[in-house]
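# Per-entry structural report
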Amino acid sequence: MRQRRQGILRTVAPVLAVLACTVSGPTLAADAPQGSIEDGKNKISMCIGCHGIPGYRASFPEVYTVPKIAGQNAAYVAAALNEYKSGARSHPTMDGIAKSLSDQDIADLAAYYASRK
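Reference entry: report on the structure contained in this document. (Residues numbered from 1 in each chain as written. Predicted model: local features only at pLDDT ≥ 70, side-chain atom pairs only at ≥ 80, totals over all residues. Heavy atoms only, no water.)

Along its length, the chain carries six helices and two strands. When the elements of the chain are put in sequence order from the N terminus, they spell out α-α-α-β-β-α-α-α. Here the chain holds 117 residues, and 23% of them are scored as buried. Across the chain, the fraction of contacts at a sequence separation of at least 24, relative to all contacts at a separation of at least 6, is 63%. When the accessible area of the chain is evaluated, it comes to approximately 8,100 Å², of which 59% is carbon and sulfur surface. (Helix = DSSP H or I, 4+ residues; strand = E, 2+ residues; numbered from the N terminus. Buried < 20%, exposed > 50% of the residue type's maximum accessible area, 1.4 Å probe, protein only. Contact = heavy atoms within 4.5 Å. Areas by Shrake-Rupley, 256 points an atom, 1.4 Å probe, with all protein chains shown as cover.)

Under the 1.5 Å per step criterion, the end-to-end length of helix H4 (residues 74–86) is 18 Å for 13 residues, consistent within 8% with the ideal 18 Å. Those residues of H4 that sit buried are Val77, Ala78, Ala80, Leu81 and Tyr84. Buried residues of H4, seen end-on, are gathered within an arc of 160 degrees and therefore sit on one face of the element. Projecting away from the buried face of H4 at angles above 90 degrees are the exposed residues Ala75 and Ser86. Those residues of H4 that are buried are in contact with helix H5 (92–99) and helix H6 (103–115). Sitting at the amino-terminal end of H4 is asparagine 73, which places a side-chain oxygen 2.7 Å from the backbone nitrogen of alanine 75. (Expected span 1.5 Å × (residues − 1). Arc of directions from axis to C-beta. Polar contact = N/O pair within 3.5 Å; in protein donor to acceptor, adjacent residues only side chain to side chain.)

Remark: H4 packs on H6, axes separated minimally by 8 Å, with the N-to-C direction vectors making an angle of 140 degrees. Handedness of the crossing formed by H4 with H6: right-handed. Only Asp103, Ile106, Leu109, Ala110, Ala111 and Ala114 of H6 make contact with H4, whose side of the interface consists of Ala74, Val77, Ala78, Leu81, Asn82 and Lys85. (Axes fitted to C-alpha atoms, helices over the stretch in contact; angles between N-to-C directions. Left-handed = near helix turned anticlockwise from the far one by under 90°.)

Without other data, these values stay purely geometric and don't point to any function.
Right under this line is the structure:
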């Protein structure tokens, strides 16, 4: 009996996972604004001072290597900016910048940086 249940679960679990993604996926995607690479290009002035310099090391509030964001996945860039904006992630410079961004700004910046190498 136990083996039969496990067999059924192995069969049903993947189907349920696909259904869950199908049901929730479009709803989540519809909530996020579509990013524009061209609009993002016009919004990078706050980013390029640190993220536009290969190998740049910042010294505020402590010395650290600034991560390369060009070529990152758009969802990752948007998630990181949203986390700085909400306070889930914290860095003095990024907190101030992210809090000034609209959801559309974040989508545009994410699209732009995802398009870069």
